[in-house]
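# Remarks on the overall topology
So you can see what is in the structure, the chains are spelled out below.
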Amino acid sequence: LRQNRGSKVQVAEATTVQLTLAQPLRADVTGFVTIDGMPLDRAKVQLKQASVGAASDPTEAGEAIAAELLGSMFGGLVGAELSAETGVDGAFVLRNVPVGRYRLEVGHDQLAMPTLVDVRIDDGDNRVDVAIVATVVRGRVVDEHGQPVPRAEVSAVPAEGGAAALVDQLGDLRAALGGLFGTPERGLVRSADDGTFELRAVRPGVPLVVSASARLHVTGQVRVDELPVGGSRSGVDVVLRKAGRVSVAAVGVRGAVGVTLRWAGAAAADAPDDREGLLQRGRVTIDGLLPGRWRVELGGDDLPPGLEPRTVDVGAGDTVRVDFGS
């Protein structure tokens, strides 16, 4: 774990400043991760610099969850942190850790949300055990007619602090960069053939937003009241409306790198956010669009003149094609 620390000094002309630099104390951290009393094998344990506030703070928790999803999407390529993986007995070891305060995060396929613990690492041996008591949300993903939607991606985040918007943005990022990085699906929860899902180890004590997304459907969200540690909530149905999509071609357009879709329909408090996508070989398709009018803008440096945004009407179940090269 690299920490860039230093001392500020001011050196006047023709003077010498005496400065002593001390190597920070370092320590080893050992512990066990369990869930409902059973060892959690192959859990990823990470130490990151602690931020101000408690781990239960909704905003920080949401940001940490979004970061964990991003890290899982790209196989640990994003961010630099000290990490270890638990063995079959749930044990982990983190060596040569500079003493100080940290945020410890535990992620795993079985955990719908990463577990966050604020810890202090002191000189010498440190023992940090993480005993997770699973808090569970169960439900179904259905369409407007009550029919099951299989293979929908389902996730939960704290309702406060804008965490749901962060995760929505990561969904666009996954779609945009998945083809470039071949992103894995570690930790994603998907609905079964009958639309049912189970989110295990969600965060207790805070209201949650459960989101579901699927191809050719508008992302749906349901708010779930806070649950006690180890509690469960069943009967959470997330309804997905039929969506449209826009397929954009900008083959041969100099400087074009991406596309932004902006809602151009009737103004409303619940108007959809902007959607973005990166061009790959001059093409990109943006799915899950709310039916209505959208403004399609091409993005990049030094674009040719005359490439004005296009306004299109997107119908439910339709694919609208926009060609900036023609």
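## Quick look at the nonpolar core
In terms of nonpolar packing, the biggest core is built from 25 residues, with Val 33, Leu 47, Leu 94, Val 97, Leu 104, Val 106 and Ile 132 touching the most fellow members. Those elements giving two or more residues to this core turn out to be strand 1 (26-35), strand 3 (44-49), strand 4 (82-85), strand 5 (91-98), strand 6 (100-107), strand 7 (115-121) and strand 9 (130-132). Sort the elements by how many residues they give to this core and strand 1 lands first, with four residues. Not counting the four nearest positions on each side in its chain, Leu 104 is found in contact with Val 45, Gln 46, Leu 47, Thr 115, Leu 116, Val 117, Val 119, Val 128 and Val 130.

## A closer look at the packing of aromatic side chains
Applying the stated criterion to the full structure yields one aromatic pair. Between Trp 263 and Trp 294 the ring centres are 5.3 Å apart and the planes differ by 80°, which places this aromatic pair in the edge-to-face class. In this pair, Trp 263 is assigned in strand 19 (residues 256-263) and Trp 294 in strand 22 (residues 292-300), connecting sequence segments 31 residues apart. We note Arg 310 situated over the ring of Phe 324; from NZ or CZ to the ring centre the distance is 4.6 Å.

## Description of the environment of Val 133
Mapped onto the fold, Val 133 is located in the loop between strand 9 and strand 10 (136-143). Note on Val 133: relative accessible area 44%, which makes it partly exposed. For Val 133 and Thr 34, which are 99 residues apart along the polypeptide, the C-alpha to C-alpha distance reads 8.4 Å. Setting aside residues no more than four positions away along its own chain, Val 133 makes contact with Asp 36, Val 229 and Gly 230.

## Concerning the pairing of strand 13 (residues 196-200)
Side-chain alternation along strand 13 places Phe 197 and Leu 199 on a buried face and Thr 196, Glu 198 and Arg 200 on a face that remains uncovered. By the bridge criterion, five bridges tie strand 10 to strand 13 in an arrangement that is antiparallel. Paired with Gly 139 across the two strands is Phe 197, which belongs to strand 13.

## Considering the sheet that holds strand 3
Taken together, four strands build an open sheet; the order of strands is 4-3-6-7 and the sheet is antiparallel. With partners counted over all chains shown, the strands left at the sheet margins are strand 4 and strand 7, one partner each. Across the sheet, the mean angle separating the axes of adjacent strands is 25° when strand polarity is ignored. Strand direction decides the pairing type here: strand 3 and strand 6, joined by six bridges, are antiparallel. Paired with Lys 44 across the strands is Gly 107, a residue of strand 6.

## Quick word on the pattern of salt bridges
Charged atoms that come close allow side chains of opposite charge to pair. Tallying each qualifying case throughout the model produces 14 salt bridges. Measuring nitrogen to oxygen at the nearest pair gives 3.3 Å for the salt bridge that ties Arg 200 to Asp 36. With Arg 200 in strand 13 and Asp 36 in the loop between strand 1 and strand 2 (38-39), the pair connects residues that are 164 residues apart, well separated along the chain. For Asp 36, a relative accessible area of 43% puts it in the partly exposed group. Connected via shared salt-bridge partners are Arg 262, Asp 274, Arg 295 and Glu 297.

## Thoughts on the side chain of Thr 115
Structurally, the position occupied by Thr 115 is in strand 7. Taking the relative accessible area as the measure of exposure, Thr 115 reaches 18% and is therefore buried. Contact partners of Thr 115, with chain neighbours within four places excluded, come to Leu 104, Glu 105, Val 106, Val 130 and Ile 132.

## Quick word on the sheet that holds strand 13
One open sheet accounts for four strands, arranged 13-10-17-15; its pairing is mixed. A strand with exactly one partner marks an edge of an open sheet, and here the two such strands are strand 13 and strand 15 (217-218).

## Comments concerning unusual backbone geometry
Positive phi values are uncommon outside glycine, yet Arg 42 reaches one of about 60°. For Arg 42, the location among the structural elements is in the loop between strand 2 and strand 3. Look at Asp 302: it is not a glycine, yet its phi comes out positive at around 55°. Inspection of the secondary structure assignment puts Asp 302 in the loop between strand 22 and strand 23 (310-314). Note on Asp 302: relative accessible area 59%, which makes it exposed.

## Structural notes on the confidence of the model for the protein chain
Caution is warranted with low-pLDDT regions, since their predicted coordinates should not be read in detail. Scored by pLDDT, the protein chain has a mean of 84; 77% of the residues are at 70 or more. In the predicted structure, residues 177-186 sits below a pLDDT of 50 and forms 23 contacts with residues beyond four places in sequence or in another chain.

## As for the pairing of strand 17 (residues 232-242)
Note on strand geometry: in a regular strand, side chains alternate between the two faces of the sheet. Both strand 10 and strand 17 contribute to a ladder of seven bridges, which runs parallel. Counted as the bridge partner of Asp 143 is Leu 240 from strand 17.

Conventions and cut-offs
Residues numbered from 1 in each chain as written. Predicted model: local features only at pLDDT ≥ 70, side-chain atom pairs only at ≥ 80, totals over all residues. Heavy atoms only, no water. Core = buried A, V, L, I, M, F, W, Y, C linked by side-chain atoms within 4.5 Å. Buried < 20%, exposed > 50% of the residue type's maximum accessible area, 1.4 Å probe, protein only. Helix = DSSP H or I, 4+ residues; strand = E, 2+ residues; numbered from the N terminus. Contact = heavy atoms within 4.5 Å. Phe/Tyr/Trp six-rings, centres within 6.5 Å; stacked < 30°, edge-to-face > 60°. Lys NZ or Arg CZ within 6 Å of the ring centre and 35° of its normal. Pairing = 2+ DSSP bridges. Axes fitted to C-alpha atoms, helices over the stretch in contact; angles between N-to-C directions. Salt bridge = Lys/Arg side-chain N within 4 Å of Asp/Glu carboxyl O. pLDDT = per-residue confidence, 0-100.

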